[in-house]
Amino acid sequence: MPDGANSVLYVEGLKTVFKVRGGEVHAVNSVSFDLKPGELLGVVGESGSGKSVTMMSLLGLLPSPPAEVREGRVIFDGRDLLQCSPAELRAVRGLGVGFIFQDPMTSLNPVFTVGFQIMEPLRRHLGMNKEAARKRAQELLELVNIPDAAQRLGDYPHQFSGGMRQRVMIAIALACDPKVLIADEPTTALDVTIQAQILELIRELRQKLGMAIVWITHDLGVIAGIADRVIVMYGGQIVEQAPVGELFARPRHPYTRALLQTVPSVLGERAPKLKVIEGQPPMLTATPTACPFRPRCAQAFDRCARENPARRAVGRGHDVACFWDFDSNGPVAAAESAANA
Amino acid sequence: MLDHKPTQKTLVEVDGLKLYFPITAGLFRSKVGDVKAVDGVSFSIFEGETLGLVGESGCGKSTCGRALLRLYDVTAGSIRIGGVDIAKLSADALRRMRPTMQMVFQDPQASLNPRMTVAGIIGEPLDEHTTLNRAEKLARIYELMDAVGLSRDFANRYPHAFSGGQRQRIGIARALALNPKFIVCDEPIAALDVSIQAQVVNLLEELQDRLGLTYLFISHDLSMVRHIADRVAVMYLGQIVELASREALYGSPKHPYTQALLSAVPEPNPEHEANRRRIILTGDVPSPANPPEGCNFCTRCPKVMDICRKVEPVSREIEPGRFVACHLYETTTTAGATAAPEASGANSLSTNNTTTQQGV
């Protein structure tokens, strides 16, 4: 459960709805979290769990209509981003918050040189002249370990490989020294050996620059390697939040537990059969009034169908939105969870 | 290739398979080069086993899988399935072979015709290759839908009404329609969510047990291949660099590329992750149109020697049933004995330099 004090980004009760033909899709439901300076927060979930939409809502990156951010507060730099004018938001994007998108193939503009695209935020946000921007752009390419940086500035995106393009994306996101970097599945489109290179680069950059990072992924392995703290999302809600070691050692939500069991590994024992989570992720056409994981949950009981569980603390920095208590292996007492909520 | 378990029957035998795509240029589309997508690949698949084929994108694993069913015309080499060399069959004879070999495609969205119902999709192979009447066909379609865990009520729906995992089930049912012996699964789970991947993999395993199928399972997901495959082949730039049983390959990878590939897979365990020694490869995969001289991996290999830049290593059996194409394991043979001292002695300085550079 987040508290507003000394965090760089503080999100409370965020709710995003898409208007579609024949109704609404409630993609994000009352999501609250915070981000401490210098930490790497991992956000895990399947496709459609609302992890990307949450982050895009923060910066007003979703087209409206169909998207509508209905409720919530996003405090960054002492301001509520949801109340900001488009001009103010534009200053926050790039300058205060950098964004790396999933697909390096489509997120760079093919008709401009890479140098131009790195220099764009520098000239726009920091008011640098061409020469200074060029120098800084070269530094940035060197920072993300692209050889022959000076020459490569004049190249177009198609002259770079996938891993190199993702490095360029990272250079652009870092151009104005943002306090927060949001990375939306930055390695999903890359091969494992290239992914390892990018993860190494991020570790190195964190040491050098010390910005806070939100890392969205569906790969639990990546999370285990780089995150400090993890949020697990399901059906547009945060179902569990914990420090990374705690989450993998002592998962408290049935979904997290099941997810950890379905993933095979290259080390250790090989299970004769994979555990599966039966069923499909939910389609959220209205504000949930019951637990969204209920139809696929082995622990579900009658209360799960009546109310949507609120997040309750189960340890230091560890909270879970579930009525089931794995310590006593029984339902949580109604009074206790109400008091915590 | 030698058979490591003589009791097992070989179903698929590939020998020196090459598949080049021509590069053309100019007004008259004259040929200026080749993309060597698959460049001299040999392996065999035993009846009832699953061979995993892993590698990074662009290494030729999908092309290899498609060539095996002759969805491409091969440039050279032979592919024997059940004793018949399908690389040289005529179109007619090949068509009669089709029922024994089928394919499950990567993208369940793109591989199902959006204007056909599920029953139409699953029944199409039956239309083409059998003389079943309408009622028999419908009975078979229902049977297949039951086998892959789709409700019979869905038979008249269209693919758009299904989720990714269910669509992949439709694709699997279609592949099973003609009782094939051999199925090429080309990244069947890559487009699916983690929790759905496990469902599809379990289904494939169940069907294998029940129907005695033989799979070639192509994937870039090394942890899933470890789960499903009996033996694993690792491809790099059109060639198989290592082929071994699952335990041997994951337990002690021999080829430097396999070692790097396995060490790059993130583990869902923070403690392991913190203490793991990672081999980070520098650079990217070279273009298959212009592969480096000598060993294909020499531009990225952390253990590169001088000989690697000159002589192409051949795949040899270093342990029973274990094939590695690397100069590191050639010292025991006569061919390697003459070449190795030269490389390690006189040029050790330059070798050292390269390795440090690559490590940075």
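Just above, that's the structure.
All of these numbers come straight from a predicted model, not from anything done at the bench. (Residues numbered from 1 in each chain as written. Chains lettered and ligands numbered in written order. Predicted model: local features only at pLDDT ≥ 70, side-chain atom pairs only at ≥ 80, totals over all residues. Heavy atoms only, no water.)

A. Here's a closer look at the environment of D148 of chain A. Here D148 of chain A is to be found in the loop between α4 (130-143) and α5 (149-152). Separated by ten residues in sequence, D148 of chain A and Q138 of chain A have C-alpha atoms that sit 9.2 Å apart. (Helix = DSSP H or I, 4+ residues; strand = E, 2+ residues; numbered from the N terminus.)

B. Region of interest: the pairing of strand β3 (residues 40-44) of chain A. All names here are of chain A. Taking burial as the measure, the five residues of β3 include five buried ones, the bulk of the element. Of the two faces of β3, the one lined by L40, G42 and V44 and the one lined by L41 and V43 are each fully buried. Pairing geometry for β3 and strand β9 (residues 229-234), over four bridges, is parallel. Following the sheet pairing, L41 is matched in β9 by R229. (Buried < 20%, exposed > 50% of the residue type's maximum accessible area, 1.4 Å probe, protein only. Pairing = 2+ DSSP bridges.)

C. Main features of the sheet that holds strand β1 (residues 9-20) of chain A. All names here are of chain A. Spatial strand order, β2-β1-β4-β5: four strands in an open sheet with antiparallel pairing. Lying at the two open borders of the sheet, with one neighbouring strand each, are β2 (23-35) and β5 (79-80). Of the pairings in the sheet, the one linking β1 to strand β4 (residues 67-76) comprises eight bridges and is antiparallel in character. The residue bridging V11 from the neighbouring strand is V74, located in β4. Running over the sheet, helix α1 (residues 51-58) touches β1, β2 and β4 and is turned about 110 degrees from β1. (Contact = heavy atoms within 4.5 Å. Axes fitted to C-alpha atoms, helices over the stretch in contact; angles between N-to-C directions.)

D. Inspection of a nonpolar patch on the surface at higher detail. Residues and elements named next belong to chain A. Together, V111, F112 and F116 give the surface a local cluster of nonpolar side chains, amounting to about 280 Å² of exposed area. Position of F112 relative to the elements: it lies in the loop between β6 (97-100) and α3 (114-126). F112 sits in the partly exposed class, given a relative accessible area of 35%. (Patch = residues over 30% accessible without salt bridge, like charges linked within 9 Å, V, L, I, M, F, W, Y side chains within 5 Å. Areas by Shrake-Rupley, 256 points an atom, 1.4 Å probe, with all protein chains shown as cover. Salt bridge = Lys/Arg side-chain N within 4 Å of Asp/Glu carboxyl O.)

E. Focus on the sheet that holds strand β8 (residues 214-219) of chain B. Residues and elements named next belong to chain B. Spatially, eight strands are ordered β6-β7-β8-β3-β9-β10-β12-β11 in an open sheet, and the strand pairing comes out mixed. The open sheet has two edge strands with one neighbour each: β6 (101-104) and β11 (316-319). Taken pair by pair, the neighbouring strands of this sheet meet at an average axis angle of 25 degrees, ignoring direction. On top of the sheet, helix α1 (residues 61-68) reaches β3 (50-54), β6, β7 (182-186), β8 and β9 (231-236); it is set at about 155 degrees to β8, its chief contact. Sheet strands touched by helix α5 (residues 164-176): β6 and β7. Its angle to β6, the strand with the most contacts, is close to 175 degrees.

F. Region of the structure containing helix α6 (residues 194-211) of chain B. Look at α6 of chain B: 26 Å from first C-alpha to last across 18 residues, which is about the 26 Å you get at 1.5 Å a residue. Once α6 of chain B ends, the next one or two residues include G212 of chain B, with phi positive near 65 degrees. (Expected span 1.5 Å × (residues − 1).)

G. A look at empty space enclosed by the protein. All names here are of chain B. Under the counting rule described, the total for this entry stands at five cavities of 30 Å³ or more. Put simply, the largest cavity is a space of about 80 Å³. Its residues placed into classes, the lining of the largest cavity shows twelve nonpolar, two polar and one charged. Here the second largest cavity defines a volume of roughly 70 Å³. H255, P256, C295, F297, C298, C301, K303, C308, P313, C326, H327 and L328 together form the lining of the second largest cavity. (1 Å grid on protein atoms, 1.4 Å probe; cavity = no way out; pocket = protein on both sides within 12 Å on 5 of 7 lines; lining within 4 Å. Points joined across faces, edges and corners; volume = space filled by probe spheres on them. Nonpolar A, V, L, I, M, F, W, Y, C, P; charged D, E, K, R; others polar.)

H. Highlighting the pattern of salt bridges. By the definition in use, this model includes 36 salt bridges over all chains. Linking E204 of chain A and K208 of chain A is a salt bridge whose minimum nitrogen-to-oxygen distance equals 3.4 Å. Highlighted residues: E204 of chain A and K208 of chain A, both in helix α7 (residues 192-209), separated by four residues, approximately one helical turn. Where R300 of chain B meets E56 of chain B, a salt bridge forms, and the shortest distance between an N and an O atom there is 3.5 Å. Here the residue R300 of chain B occupies a position in the loop between α10 (270-275) and β11, and E56 of chain B occupies one in the loop between β3 and α1, the gap between them amounting to 244 residues. Assigned by exposure class, R300 of chain B and E56 of chain B land together as buried. In the salt-bridge network here, residues are joined through shared partners; they are K19, E24, E68 and R70 of chain A.

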